[in-house]
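A look at the structure
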Amino acid sequence: MSKRFLSLLMALMLCFSMLPSVALAEIADAAAEKAQSGENTADVYIVGEDPVVQSEEDDDAATAELTAEHADHPVCGEVCTHMDENGDPIHPAVKWTAKSSFDDQFITEGHYYLTNDVELSAAWVLNGNVDICLNGHTIKRDVAHAIGVPKGRILTLYDCDTQGRGKVNAPNSNAGYGVSLDESTLNLYGGTIIGGKAGVHLAQDGGTFNMYGGTISGSGTGVLMKYLTSNSSVFNMTGGTITGNGTDTNDAGGVYVGSGTFNMSGGTITGNRHTNERINGAGGVYVYTGNFEMSGDAVISDNSITIKDGTKYANPAGAGGVYVRSGTFKMSDNAKVTDNSITNNSSKDVSGGVYVGDATMTVSDNVNITDNTDGNVYLSAAKFITVDGELGETA
């Protein structure tokens, strides 16, 4: 019995060993004939001497696998580090939809990631709340602003590219805004925003900009908050970098607060400049009227002002770091204003660090305003600094 079973098993193995060689040979011949004739051979892949057949179902499965791989991250990054009161991530993983272009000017609500660079002929306008992962690619519009966020809408930007190559770029110096808000919200977690006029623009009707990460660079002004009688614009900066901004015409290189509130509890504003004849601005942050609060580990450093003609005006006003013309300025925790500068200055009414005009200034904890050229703090007549509580040893 065992000999008969063994014989049968050997016969079956011989049959199976012969069948693939014939079948594979036929497939290989067919693939070669297709290649010579110029026919589509996309479904046949030859590995070594053995061809592998991939069906349309396999292609769909591979595409789905890649999409799922991208969809495996939340809107704020590869892993969400923003926790609720229970220690759970605020942002769950979402399913992303691949986009090579947006044929329609209006973007419908959803989560999108770019598969290539996009050149815009008209601004993208959100028809719903939209999350965009730049995925190392660029959204560019040469004429005016690139993305418009209308009333009540929310745009969230992130770039999952490990080299940080994702950008929103609107280089026009007269009307170029990377993202323009109008009673709407921008959440920035990653990527770089560039605007010839301003990187992020909070328009006449205000808006809210939450900067958790990313970079604003190469713009006339990094963040431009228009003057509003309602004082309704809000800029919350908890991370990221505003750097390398500034022109000869704008009032601030880093951030201009026409009105509203700027809360800076983290991140860095550095390497921005302001160049003008009379100053009336700042390299880092200029508050025309409004409220500015620095806390946490926020840093404003290495920003500068250059006066074109130091003798043309008798009373220039401004600062390399922070100029608060009207409103309030509060510093607490470990906030720093350091190493900012003014050049070509012939007036004593300026400061490399902080200039307080018709405003109030309050400090506490371990704040640091040091190593700024032409003075660390300038106070207008009858103004003073209020110390709220005890100062730390390093203040």
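Rules and cut-offs
- Residues numbered from 1 in each chain as written.
- Predicted model: local features only at pLDDT ≥ 70, side-chain atom pairs only at ≥ 80, totals over all residues.
- Heavy atoms only, no water.
- Helix = DSSP H or I, 4+ residues; strand = E, 2+ residues; numbered from the N terminus.
- Buried < 20%, exposed > 50% of the residue type's maximum accessible area, 1.4 Å probe, protein only.
- Contact = heavy atoms within 4.5 Å.
- pLDDT = per-residue confidence, 0-100.
- Pairing = 2+ DSSP bridges.
- Phe/Tyr/Trp six-rings, centres within 6.5 Å; stacked < 30°, edge-to-face > 60°.
- Salt bridge = Lys/Arg side-chain N within 4 Å of Asp/Glu carboxyl O.
- Polar contact = N/O pair within 3.5 Å; in protein donor to acceptor, adjacent residues only side chain to side chain.
- Axes fitted to C-alpha atoms, helices over the stretch in contact; angles between N-to-C directions.

All right, on to the environment of Pro 150 then. Within the element layout of this structure, Pro 150 appears in the loop between β10 (147–149) and β11 (154–158). Residue classification places Pro 150 among the partly exposed residues on the basis of a relative accessible area of 28%. Considering only alpha carbons, one finds Pro 150 and Glu 183, 33 residues apart in sequence, at a separation of 6.8 Å. The contacts of Pro 150, once residues within four sequence positions are left out, are Val 125, Leu 126, Asp 182, Glu 183 and Ser 184.

Of the residues in the chain, 76% have a pLDDT of 70 or more, and the chain-wide mean is 80. Segment residues 16–55: pLDDT under 50, and 28 contacts once partners within four positions in sequence are set aside and those in other chains are kept. Counting contacts from residues 58–68, a segment whose pLDDT is below 50, to residues more than four positions away or on other chains yields seven contacts.

On to the sheet that holds strand β24 (residues 268–270), then. Taken in spatial order, the 10 strands line up as β6-β9-β12-β15-β18-β21-β24-β29-β33-β36 in an open sheet, and their pairing is parallel. Only two strands of the sheet have a single partner each, and these edge strands are β6 (118–119) and β36 (368–370). Here β24 runs beside strand β29 (residues 299–301); their pairing, made up of three bridges, is parallel. When the sheet's bridge partners are listed, Thr 268 is paired in β29 with Val 299.

Let us now look at the packing of aromatic side chains. The tally for this structure, following the rule as stated, stands at 10 aromatic pairs. Ring geometry for Tyr 256 versus Tyr 286: centroids 5.5 Å apart, planes at 65 degrees, classification edge-to-face. Residue Tyr 256 is located in strand β22 (residues 255–257), and its partner Tyr 286 is located in strand β27 (residues 285–287); the two are separated by 30 residues in the primary sequence. The same class applies to Tyr 256 as to Tyr 286, namely buried. Their ring planes at 15 degrees and their centres at 5.2 Å tell us that Phe 292 and Phe 329 sit as a pair that is stacked. Of the two residues, Phe 292 is situated in strand β28 (residues 290–294) and Phe 329 in strand β32 (residues 322–331); the sequence distance between them amounts to 37 residues. By relative accessible area, which is 2% here, Phe 292 ends up buried. Take Phe 329: its relative accessible area is 1%, and that puts it in the buried class. Here the aromatic residues Tyr 256, Tyr 286, Tyr 288, Tyr 323, Tyr 355 and Tyr 378 are joined through ring pairs into a cluster of three or more.

The subject of this paragraph is the pairing of strand β15 (residues 192–195). Covered by surrounding structure in β15 are Thr 192 and Ile 194 together with Ile 193 and Gly 195, the residues of both alternating faces. With four bridges joining them, strand β12 (residues 167–170) and β15 adopt parallel strand pairing. Looking at the pairing, Val 168 lines up with Ile 193 of β15. Across two bridges, the pairing between β15 and strand β18 (residues 215–217) is parallel. Bridging across to β18, Ile 193 finds its partner in Ile 216.

If charged atoms from side chains of opposite charge come close, those side chains can pair. Evaluation of the coordinates by the stated rule reveals three salt bridges. Between Asp 161 and Arg 165 there is a salt bridge, and its shortest N-O distance comes to 2.9 Å. Owing to a relative accessible area of 14%, Asp 161 belongs among the buried residues under this scheme. The salt bridge partner of Lys 383 is Asp 358, with a shortest N-O separation of 3.2 Å. Of the two residues, Lys 383 is situated in the loop between β37 (377–379) and β38 (385–391) and Asp 358 in strand β35 (residues 354–365); the sequence distance between them amounts to 25 residues. Of the residues examined, Lys 383 reaches a relative accessible area of 28% and is grouped as partly exposed.

Note on placement: Ser 364 falls in strand β35. Engagement of the side chain of Ser 364 in a polar contact is seen with the side chain of Asp 365, the distance being 3.4 Å. For Ser 364, the contacting residues outside a window of four places in its chain are Met 331, Ser 332, Asp 333, Asp 388, Glu 390 and Leu 391.

Strand pairs in the sheet, formed through backbone hydrogen bonds, run parallel or antiparallel to each other. The strand order across the open sheet formed by three strands is β25-β30-β34, and the pairing between neighbours is parallel. Among the strands making up the open sheet, the edge pair consists of β25 (273–276) and β34 (341–343). Direction aside, the axes of adjacent strands within the sheet are offset by 15 degrees on average. One ladder, built from three bridges, connects strand β30 (residues 304–307) with β34; its direction is parallel. Bridged to Ser 304 within β34 is Ser 341.

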